[in-house]
Amino acid sequence: VILYGDLPKNKENVIYLSNHQCTVDWIIADMLAVRQDALGHVRYVLKDGLKWLPLYGWYFSQHGGVYVKRSAKFNEKEMRQKLRAQIKAETPMYLVIFPEGTRYNPEIPKVIADSQSFAEKEGLAILKHVLTPRVKATHVAIDTMKDYLDAVYDVTVAYEGTVDHKGQRRLAPSMTEFLCKECPRVHIFIDRIELKDIPEEQMYMRRWLHERFEIKDKLLIEFYDAKDSKRRNKFPGKSVHSKLSLKKTLPSLLFLGGLTASMLLTESGRKLYVKTWIYGTLIGCLWVSIKP
């Protein structure tokens, strides 16, 4: 894990804005949070369909996640209510938002073309390595929690090994590929932004957010397309090869591994494991359909 920019050592209540390429992006937030002793504080703004994921859909809902629908179906009132409930409960907040609304996938050029066409129509800069960001969820989150937040983290993520032999960008690694080390290094650029530097009105925040994604795009152009090969596969500026001590990760591994192994090694444990997935999924789907 290679870090660039400004990541405070202490935990903060933040909104985390990032480009989105693959499922690994979800755990990049955990990688940063654990370095601030804030693991467990990570919450997500997720697309509505993910609430039906077995067990996880229910878990994210109970853990402060916010499910949203896109475009005209976006329910601003519902999102504000959920965030206000978290503030009232004084919930530590590391709220992850992917403003692009979907993944950047170079193997689906139509999505990229449509995004660029929309930007051109709206008089916005056309972006190459990210999609045109949507502002609604970001605006609601910042506006609702502005007195609760310490900062906004603007995070840009790039995965090594995602350029083909022709120099063209290819699909970012899946979770399995990432865990099997098919991506040798992940580069993370963090820009900590004070709330006072962000416009409050949605119209102006939209322009601000697009400008932030222009900065991301320039970073990624440097990473993937720099004419000088020595400047590729890294972001400009000072970097730190960030390693974690065993005490940050080993206790969780031992607890989870021990709990899972103890269940799977006995017949009664295996039955309980299966029933947890089946009944937990059914109860979870019922719960999120009644109380999103």
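Residues numbered from 1 in each chain as written. Predicted model: local features only at pLDDT ≥ 70, side-chain atom pairs only at ≥ 80, totals over all residues. Heavy atoms only, no water.

- By the naming in an unreviewed UniProt entry, the chain goes by 1-acyl-sn-glycerol-3-phosphate acyltransferase epsilon and is assigned to Mesitornis unicolor.
- Among the UniProt annotations of the chain, the heading Sequence similarities (unreviewed entry) holds the following wording: "Belongs to the 1-acyl-sn-glycerol-3-phosphate acyltransferase family." (UniProt positions renumbered as here; feature names shortened; annotations may be inferred.)

**Points about the overall build of the chain**
Here's step 1: The number of helices and strands found in the chain is nine helices and eight strands.
Here's step 2: Its C-alpha radius of gyration of 20 Å places the chain within 12% of the 19 Å reference for a compact globule of 292 residues.
Here's step 3: For the chain, the C-alpha atoms occupy an extent of roughly 60 × 45 × 40 Å along the three principal directions.
Here's step 4: The proportion of buried residues among the 292 residues of the chain is 44%.
Here's step 5: Long-range contacts, defined as pairs at least 24 residues apart, comprise 76% of the intrachain contacts of the chain with a sequence gap of at least 6.
Here's step 6: Carbon together with sulfur atoms contributes 57% to the accessible area of the chain, which is approximately 16,400 Å² in total.
Here's step 7: Each charge class in the chain was averaged separately, 46 positive and 34 negative side chains, and the resulting centres sit 5 Å apart. (Helix = DSSP H or I, 4+ residues; strand = E, 2+ residues; numbered from the N terminus. Rg over C-alpha atoms; globule rule 2.2 N^0.38 Å. Buried < 20%, exposed > 50% of the residue type's maximum accessible area, 1.4 Å probe, protein only. Contact = heavy atoms within 4.5 Å. Areas by Shrake-Rupley, 256 points an atom, 1.4 Å probe, with all protein chains shown as cover. Lys, Arg positive; Asp, Glu negative; His and termini not counted. Charge placed at Lys NZ, Arg CZ, Asp CG, Glu CD.)

**Some words on the nonpolar core**
Here's step 1: Counting residues in each nonpolar core, the largest one holds 38 residues, and the members touching the most others are Ile 15, Val 45, Met 79, Leu 95, Ala 141, Met 145 and Phe 235.
Here's step 2: Looking at this core element by element, the count peaks at eight residues for helix H7 (residues 202–225).
Here's step 3: Residues within four places of Met 145 in sequence aside, it is in contact with Ile 15, Leu 83, Ile 87, Met 93 and Leu 95.
Here's step 4: Counting 33 residues, the second-largest nonpolar core is a separate cluster that includes Cys 22, Ala 38, Leu 50 and Tyr 159. (Core = buried A, V, L, I, M, F, W, Y, C linked by side-chain atoms within 4.5 Å.)

**Topic: the confidence of the model for the chain**
Here's step 1: Of all residues in the chain, 100% have pLDDT values of 70 or greater, and the mean over the chain is 92.
Here's step 2: The least confident element of the chain, judged by mean pLDDT, is helix H2 (residues 56–62) at 89; the most confident is strand E2 (residues 14–18) at 98. (pLDDT = per-residue confidence, 0-100.)

**Some details on the pattern of salt bridges**
Here's step 1: One pass over the full model with this rule turns up 18 salt bridges.
Here's step 2: Lys 146 serves as the salt-bridge partner of Asp 143, at 3.6 Å between the closest nitrogen and oxygen.
Here's step 3: According to the relative accessible area criterion, Lys 146 is partly exposed, its value standing at 34%.
Here's step 4: Between Asp 197 and Lys 196 there is a salt bridge; the shortest N-O distance is 3.4 Å. (Salt bridge = Lys/Arg side-chain N within 4 Å of Asp/Glu carboxyl O.)

**Some remarks on the sheet that holds E2**
Here's step 1: Strands sit in the order E4-E3-E5-E2-E6-E7-E1-E8 across an open sheet of eight strands; the sheet is mixed. The strands lining the two open edges of the sheet, one partner per strand, are strand E4 (66–68) and strand E8 (239–241). Looking at each pair of strands side by side, their axes are set apart by 25° on average, direction ignored. (Pairing = 2+ DSSP bridges. Axes fitted to C-alpha atoms, helices over the stretch in contact; angles between N-to-C directions.)

**What to know about empty space enclosed by the protein**
Sizing a probe to match a water molecule and rolling it over the atoms shows the empty space that remains.
Here's step 1: This structure, assessed with the given rule, holds one cavity of 30 Å³ or more.
Here's step 2: When its volume is computed, the largest cavity comes out at roughly 30 Å³.
Here's step 3: Contributing to the lining of the largest cavity are Leu 124, Thr 132, Pro 133, Arg 134, Val 135, Arg 206, Leu 209 and His 210.
Here's step 4: Class assignment for the residues of the lining of the largest cavity results in four nonpolar, two polar and two charged. (1 Å grid on protein atoms, 1.4 Å probe; cavity = no way out; pocket = protein on both sides within 12 Å on 5 of 7 lines; lining within 4 Å. Points joined across faces, edges and corners; volume = space filled by probe spheres on them. Nonpolar A, V, L, I, M, F, W, Y, C, P; charged D, E, K, R; others polar.)

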